Every structure is written in C-alpha cells, then in structure tokens.
Amino acid sequence: MKNPVKKIAAIHDLSGYGRASLTAIIPILSSMGIQVCPFPTAVLSSHTGGFKDFSFVDLTDSMEDYMNHWKKVDIKFDCIYSGFLGSARQADIILDFIEVFKTDSNMVVVDPVMGDNGKFYTTIDENMVHKMRDLIKKADIITPNLTEATYLLGEEYIKNIEEDQIKKMLVDLSNMGPEIVVITSVPDLYISDNIDVFAYDKESNKFWKIGGKYIPSDFPGTGDTFTSVLIGSLLNGDSLPIALDRSVKFIALGIRESFGFTYPAREGILLEKVLDKLKMPMINSNYELLE
Ligand code: PXL
C-alpha cells in the first residue's frame, strides 16, 4: 500500500502569539492529515500586525545547516510552502532548497508575504520585493494578496479595481513563472462588504472568482490560514475551485466564531473552534468561472 500521509516543508516564521504563520499552518495541515515539517525563518514573540515591541530573531544564518541535514536524511516532500521571510537573503536559500527538493511530482507554493492594505509589514522593504520576484519564478502556485500582487508587478495599489484589471494582473504574474496564481483580499466593486479571491490556471486558461463576506484585516494570519487550507485541499485531491472555496468558507467560519467572544482581533481567528470543519463536504459551492 502506498504510504498515505503526505509531507510538507513549511518555510515560515514562528510567531509565539497571534495565530499567524507556523502556529496556524501546523494545526490546519495536520488536521487535514498532512505531516508538517517546519523550517523556521525567524522567531518572533508575536506577529508584527497590531503589536509594537515584539522580539525578532532572524534565522538566516542557521538555514543552510538546517537544509543540509534534511538533504542528508533524504526527505521527500509532497509540497514546499514558503511564506514570511526573516531577511531578503533567505529567498536565495529557498531557491537552493527548491533546487534540491523539487521533483516532477511535488508542488512549490510561494506566499509572498510582504504587506496588506497597500503597505509593507514593519520588517519588510523594497529589497524583499526584488527577491520575492526571483522566488516566484520557481513556484507552481503563488497566493499574494492584492497589495503583494501590486508590489510584485511594480504597480500602484488601487482599492477599487475592475475585474479586467485583476485578470490582467493574474496573467502578468503567471508570465513570471507560476502555473496557478491566486490573488486574495480584493474588494468587490459591486457588492459592498464583499472581499473576493481571484485565481488563474494557466494550463486550462481558466479564471475563477470566489466571493466572500468582508473579512476585517485586523484579523492577522488569515493569509496563512487561506493558503494552508488551499494546499491541504489540493493535496487531498480537491479541484482548484473547490479548494479555493473551502479556504474562503473556513476563514468565514473562523471569523463568525470569533465575533461571539471578546478576544482581541490581533489574536487571530479562533482556529481551535473550527479545525474540525476542515474536511466539511463542499455542498453549496460558491465559485464562478469567469468569461
Ligand atoms: O500572516 C503573515 C505574517 C507572517 N509572519 C509575521 C507577520 C505576518 C503578518 O503580519 O507579521 C511575523
């Protein structure tokens, strides 16, 4: 029998407080039956959104040894998934990692974590944008939010963006390398309070849209949650639109759980209350195939 539990290398920071990056990625993917092997890029006392005096240890100098050990052990990954980087130089190390661990059958997912709402996160600068452009060339799937997509393309962030402009961004980004491009956090021009996700699959030349109710951006970690559910669904055999829809629905459920309590939004969505919904049957699917 083929061994059923898939493995993922998760190259992200560990933020001790606030349900972002590895503290979201590990429980989500393990609840979906996937083994997560964390490869930490930095250790922070909390994520950087909504906190000022967080501690930050950049792990760039330890990453080569970490990778070389994994190389020696000869680990076979079904997916390589990178996110928040502790320094721009880490992008080069991840490119080496991809060179070593990429196979014909596994997938490389890059979430180019850099900012939101038209602004960089505190620790990110222009240098990171240049390096992320190199990194996405080697990805099969990328999942920027609208802010990160505009940084990658060197364009200006416009909140009220037309569907045709988004489709052009998707194609332009896929021309930089990735087969599948997903852009999250796109405000809907026509339905107020909706935030949409758009995706383009180069092989089938199809564009998808998944509409969702407004997700306040002061809930950090939703990007990491989104991409983790997407990857878990794809590794478990879902199609792209179903996997996207599952991710949007899961985040909406998490936020609805959170509203009933008084935890500060900066703690992130109440994952612990909804992890058991990750394998929900996808009835009432809510995706659109765009013309
Ligand atoms: O969720 C993305 C993310 C990851 N890691 C750190 C962050 C953020 C977003 O703010 O601050 C440290």
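The name an unreviewed UniProt entry assigns to the protein chain is pyridoxal kinase, from the organism Anaerosalibacter bizertensis.

Participant: Tell me about the overall build of the protein chain, and name the residues and values.
Facilitator: When you go through the protein chain residue by residue, the secondary structure sums to nine helices and twelve strands. The C-alpha radius of gyration computed for the protein chain amounts to 18 Å, which stays within 12% of the reference 19 Å derived for 291 residues, consistent with globular compactness. Reported as C-alpha extents along the three principal axes, the dimensions of the protein chain are approximately 50 × 45 × 45 Å. Out of the 291 residues belonging to the protein chain, those deemed buried represent 53%. Across the protein chain, the fraction of contacts at a sequence separation of at least 24, relative to all contacts at a separation of at least 6, is 69%. Counting every atom, the protein chain has about 13,600 Å² of accessible surface; 51% of that belongs to carbon and sulfur. Each charge class in the protein chain can be summarised by its mean position, and for the 29 positive and 41 negative side chains these summaries are 4 Å apart.

Participant: So what about the nonpolar core? Which residues, and what values?
Facilitator: Counting 52 residues, the largest nonpolar core has Trp 70, Phe 97, Leu 173 and Ile 183 as the members making the most contacts within it. When residues of this core are assigned to their parent elements, the largest contribution, six residues, is made by helix α3 (residues 90-101). Sequence-distant contacts of Ile 183, defined by excluding residues within four places in its chain, comprise Pro 144, Asn 145, Leu 146, Ala 149, Met 169, Leu 170, Leu 173, Asp 196, Val 197 and Phe 198. Membership of the second largest hydrophobic core comes to 39 residues, among which are Leu 29, Ala 243, Phe 250 and Ile 255.

Participant: Provide a residue-level description of a nonpolar patch on the surface, including the pertinent values.
Facilitator: The grouping of Leu 14, Val 43 and Val 57 at the surface amounts to a nonpolar patch, some 210 Å² of accessible area in total. Here Val 57 shows up in strand β3 (residues 56-58).

Participant: A description of the pairing of strand β11 (residues 206-213) should follow, citing residues and the corresponding values.
Facilitator: As paired strands, strand β10 (residues 194-201) and β11 are joined by eight bridges and run antiparallel to one another. Residue pairing for β11: Val 197 is matched across the bridge by Ile 210. Where β10 folds back on β11, the antiparallel hairpin that results is connected by four residues, among which Asn 205 adopts a positive phi of roughly 55°. As judged from the four bridges shared by β11 and strand β12 (residues 287-290), these two strands associate in the antiparallel manner. Following the sheet pairing, Lys 209 is matched in β12 by Glu 288.

Participant: Any details on the site of the ligand? Residues and values, ideally.
Facilitator: All residues in the neighbourhood of the ligand are listed as Asp 13, Ser 15, Ser 21, Leu 44, His 47, Thr 48, Gly 49, Phe 84, Val 113, Tyr 121, Gly 221 and Asp 224. Contact between the ligand and Asp 13: a nitrogen atom at 2.8 Å from a side-chain N or O atom of the residue. A distance of 2.6 Å separates an oxygen atom of the ligand from a polar atom in the side chain of Asp 224. Here the ligand loses 96% of its free accessible area of 310 Å² to cover by the protein chains. Partitioning the shell around the ligand into residue classes produces four nonpolar, six polar and two charged.

Participant: Break down the pattern of salt bridges for me, citing the residues and quoting the values.
Facilitator: Tallied over the entire structure, the rule returns 13 salt bridges. With its nearest N and O atoms 3.0 Å apart, the salt bridge here joins Lys 249 to Asp 245. One end of the pair is Lys 249 and the other is Asp 245, both in helix α8 (residues 240-259) and four residues apart, which spans about a single turn. Lys 249 sits in the partly exposed class, given a relative accessible area of 24%.

Participant: Kindly report on the sheet that holds β12, identifying the contributing residues and their values.
Facilitator: The sheet built from ten strands is open, its strands ordered β3-β2-β1-β4-β5-β8-β9-β10-β11-β12 with mixed pairing. Two strands lie at the open edges of the sheet, namely β3 and β12, each paired on one side alone. Alignment of strand β4 (residues 79-82) against strand β5 (residues 107-110), held across four bridges, turns out to be parallel. Following the sheet pairing, Ile 80 is matched in β5 by Val 108.

Participant: Mind laying out the layout of surface pockets, listing which residues take part and the relevant values?
Facilitator: Unoccupied space between atoms shows up once a probe the size of one water molecule is rolled over them. A volume near 230 Å³ is recorded for the second largest pocket. What lines the second largest pocket is Lys 2, Asp 78, Lys 102, Ser 105, Asn 106, Met 107, Asp 140, Ile 141, Leu 234 and Leu 235. In the lining of the second largest pocket, the residues fall into four nonpolar, two polar and four charged.

Participant: A description of the pairing of strand β1 (residues 6-15) should follow, citing residues and the corresponding values.
Facilitator: Buried residues dominate β1, accounting for seven of its ten residues. Bridge count for β1 against strand β2 (residues 34-44) is nine bridges, and the pairing is parallel. Across the sheet, residue Ala 10 finds its bridge partner in β2, namely Pro 38. In this fold, β1 hands off to helix α1 (residues 21-31), which returns the chain to β2; that crossover is right-handed. Two strands pair when backbone bridges link them, and β1 and β4 are joined in this way by four bridges, in the parallel orientation.

What counts, and at which threshold
- Residues numbered from 1 in each chain as written.
- Predicted model: local features only at pLDDT ≥ 70, side-chain atom pairs only at ≥ 80, totals over all residues.
- Heavy atoms only, no water.
- Helix = DSSP H or I, 4+ residues; strand = E, 2+ residues; numbered from the N terminus.
- Rg over C-alpha atoms; globule rule 2.2 N^0.38 Å.
- Buried < 20%, exposed > 50% of the residue type's maximum accessible area, 1.4 Å probe, protein only.
- Contact = heavy atoms within 4.5 Å.
- Areas by Shrake-Rupley, 256 points an atom, 1.4 Å probe, with all protein chains shown as cover.
- Lys, Arg positive; Asp, Glu negative; His and termini not counted.
- Charge placed at Lys NZ, Arg CZ, Asp CG, Glu CD.
- Core = buried A, V, L, I, M, F, W, Y, C linked by side-chain atoms within 4.5 Å.
- Patch = residues over 30% accessible without salt bridge, like charges linked within 9 Å, V, L, I, M, F, W, Y side chains within 5 Å.
- Salt bridge = Lys/Arg side-chain N within 4 Å of Asp/Glu carboxyl O.
- Pairing = 2+ DSSP bridges.
- Near = heavy atom within 4 Å.
- Polar contact = N/O pair within 3.5 Å; in protein donor to acceptor, adjacent residues only side chain to side chain.
- Nonpolar A, V, L, I, M, F, W, Y, C, P; charged D, E, K, R; others polar.
- 1 Å grid on protein atoms, 1.4 Å probe; cavity = no way out; pocket = protein on both sides within 12 Å on 5 of 7 lines; lining within 4 Å.
- Points joined across faces, edges and corners; volume = space filled by probe spheres on them.
- Right-handed = clockwise from strand over helix to strand, strands pointing away.

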